[in-house]
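Results of the structural survey
Letter by letter, the chains look like this.
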Amino acid sequence: MSYNEEIEAESFHARRIKLHSAEDFVGMRVVGQLAARALDMLASVIKPGITTLEIDRLCFEFALDHGALPACLNYRGYRHTVCTSVNHVVCHGIPGDRVLREGDIVNVDVTYILNGWHGDTNRMYYVGDVPRKAQRLCEVTYEAMMRGIAEVKPGATLGDIGAAIQEFAEGERCSVVREFCGHGVGKIFHDVPNVLHYGRRGQGAVLREGMFFTIEPMINLGKPGVKVLSDGWTAVTRDRSLSAQFEHSIGVTATGYEIFTTSPAGHACPPYAP
């Protein structure tokens with residue numbers, strides 16, 4: 001799809017984007033905080049020797065212990081609670097017997113359903129001591145997300161968000177993945193609009209108070225190209241370079257934005273205090 005075709009599609013979707021009430025903000029706030037607490041819980045357990053399947057089990061049990069449901073479990077045939085994307089895996093890594101080793105970086109992506117609302121967030125983790133280049137990639141990715149979030153306010157456009165992310169990431173000699181994007185969220189897991197992490201300022205759907213969506217840039221240390229493996233889920237960098245991602249669920253307020261998935265423990269970018 002060309003850039004102009006993407007803009008035309010966004011214009012069509014803008015007519016279908018839901019606007020939410022103050023009560024809806026409460027529902028998203030509660031489930032967003034629950035998902036963020038699950039990621040906080042992992043700060044003390046992600047270390048060399050743990051398997052990605054153990055991470056998945058912990059997040060599944062956390063959901064059930066708090067009266068929530070894992071949104072990913074059985075979603076389009078997916079059989080796990082979270083995605084665990086290690087090193088050059090861009091997104092949708094499948095938990096399994098892989099043992100995390102010293103120097104790995106891993107993204108954990110979790111979505112819970114509580115009272116019908118979806119709390120969708122992900123975060124990077126260091127496994128022991130990691131190389132400086134991996135640390136820098138995570139720092140750039142987190143800052144890129146936050147720069148995109150800072151653009152959110154009524155009257156801004158989706159293009160403003162994408163441009164802010166792209167300008168920063170590419171200015172840091174990293175690349176932005178094009179094949180995956182943020183999305184509307186709320187009572188529906190993946191809704192309109194699509195939130196591209198690249199773009200042109202002033203273009204795309206205009207933001208309005210009450211919109212809910214995710215911002216979740218995937219940034220590569222090398223080239224932006226990715227491919228999906230034969231399992232139909234796991235996306236990896238074509239050049240085997242490291243990739244990182246952060247995600248927040250956002251609501252557009254009268255004056256700016258609310259992040260529903262901020263960490264109650266104050267965790268932002270790793271390393272995290274247990």
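Structure's up top.
Scope of this entry: the structure provided in the associated data block.

**Some thoughts on the overall build of the chain**
Helix and strand content of the chain: 5 helices and 15 strands. A compact globule built from 274 residues should have a C-alpha radius of gyration of about 19 Å, and the chain, at 17 Å, falls within 12% of that. With the C-alpha coordinates of the chain rotated into their principal frame, the extents come out at 50 × 40 × 35 Å. A buried classification covers 57% of the 274 residues belonging to the chain. Within the chain, counting contacts between residues at least 6 apart in sequence, those at least 24 apart form 73% of the total. For the chain, the computed accessible surface area is about 11700 Å², with 50% contributed by carbon and sulfur atoms.

**Examining a positive patch on the surface**
A surface patch of positive charge is lined by Arg-98, Arg-101, Lys-227, Arg-238 and Arg-240. Tracing the sequence through the fold places Arg-98 in the loop between β3 (89-91) and β4 (105-114).

**Points about the pairing of strand β14 (residues 248-252)**
In terms of burial, β14 is largely enclosed, as 5 of its 5 residues are buried. Burial of the side chains of β14 extends over both faces: His-248, Ile-250 and Val-252 are buried on one face and Ser-249 and Gly-251 on the other. Relative to β14, strand β9 (residues 212-215) runs antiparallel, the two being bridged by 4 bridges. Residue pairing for β14: Phe-212 is matched across the bridge by Gly-251. Pairing between β14 and strand β15 (residues 257-259): 3 bridges, direction antiparallel.

**A few points about the pattern of salt bridges**
A complete count under the given rule lists 10 salt bridges for this structure. Two residues, Glu-61 and Arg-57, come together in a salt bridge whose shortest N-O distance is 3.2 Å. Taken together, the positions of Glu-61 and Arg-57, both in helix α3 (residues 52-65) and 4 residues apart, correspond to about one turn of that helix. Across the pair Glu-143 and Arg-147 runs a salt bridge, and its minimum N-O distance is 2.9 Å. Of this pair, Glu-143 and Arg-147 are both found in helix α4 (residues 132-150), 4 residues apart, which corresponds to roughly one turn of the helix. On the basis of relative accessibility, which here comes to 29%, the residue Glu-143 falls in the partly exposed class. Arg-147 gets classed as partly exposed once you look at its relative accessible area, which sits at 38%. Overlapping salt bridges bring together Glu-151, Glu-167 and Arg-201 as one network.

**Observations concerning the nonpolar core**
Core analysis: the largest hydrophobic core is formed by 68 residues, its most contacted members being Ile-46, Tyr-112, Ile-161, Phe-213 and Ile-215. Counting 7 residues, the second-largest nonpolar core is a separate cluster that includes Val-177, Met-218, Val-226 and Ala-235.

**Some thoughts on unusual backbone geometry**
Among all residues save glycine, negative phi is the norm, and among peptide bonds the norm is trans. Each neighbour pair has its own omega, and for Val-192 with Pro-193 the value is 5 degrees, a cis peptide bond. Within the fold, Pro-193 resides in strand β8 (residues 191-195). Positive phi, close to 70 degrees, is recorded for Asn-74, a residue that is not glycine. Looking at the element boundaries, Asn-74 is found in the loop between β1 (69-70) and β2 (82-86). A relative accessible area of 59% means that Asn-74 is categorised as exposed. One non-glycine residue, Asn-115, lies in the positive phi region at around 55 degrees. Within the fold, Asn-115 resides in the loop between β4 and β5 (117-126). Residue class for Asn-115 comes out exposed when judged on its relative accessible area of 64%.

So, how was this worked out
- Residues numbered from 1 in each chain as written.
- Predicted model: local features only at pLDDT ≥ 70, side-chain atom pairs only at ≥ 80, totals over all residues.
- Heavy atoms only, no water.
- Helix = DSSP H or I, 4+ residues; strand = E, 2+ residues; numbered from the N terminus.
- Rg over C-alpha atoms; globule rule 2.2 N^0.38 Å.
- Buried < 20%, exposed > 50% of the residue type's maximum accessible area, 1.4 Å probe, protein only.
- Contact = heavy atoms within 4.5 Å.
- Areas by Shrake-Rupley, 256 points an atom, 1.4 Å probe, with all protein chains shown as cover.
- Patch = residues over 30% accessible without salt bridge, like charges linked within 9 Å, V, L, I, M, F, W, Y side chains within 5 Å.
- Salt bridge = Lys/Arg side-chain N within 4 Å of Asp/Glu carboxyl O.
- Lys, Arg positive; Asp, Glu negative; His and termini not counted.
- Charge placed at Lys NZ, Arg CZ, Asp CG, Glu CD.
- Pairing = 2+ DSSP bridges.
- Core = buried A, V, L, I, M, F, W, Y, C linked by side-chain atoms within 4.5 Å.

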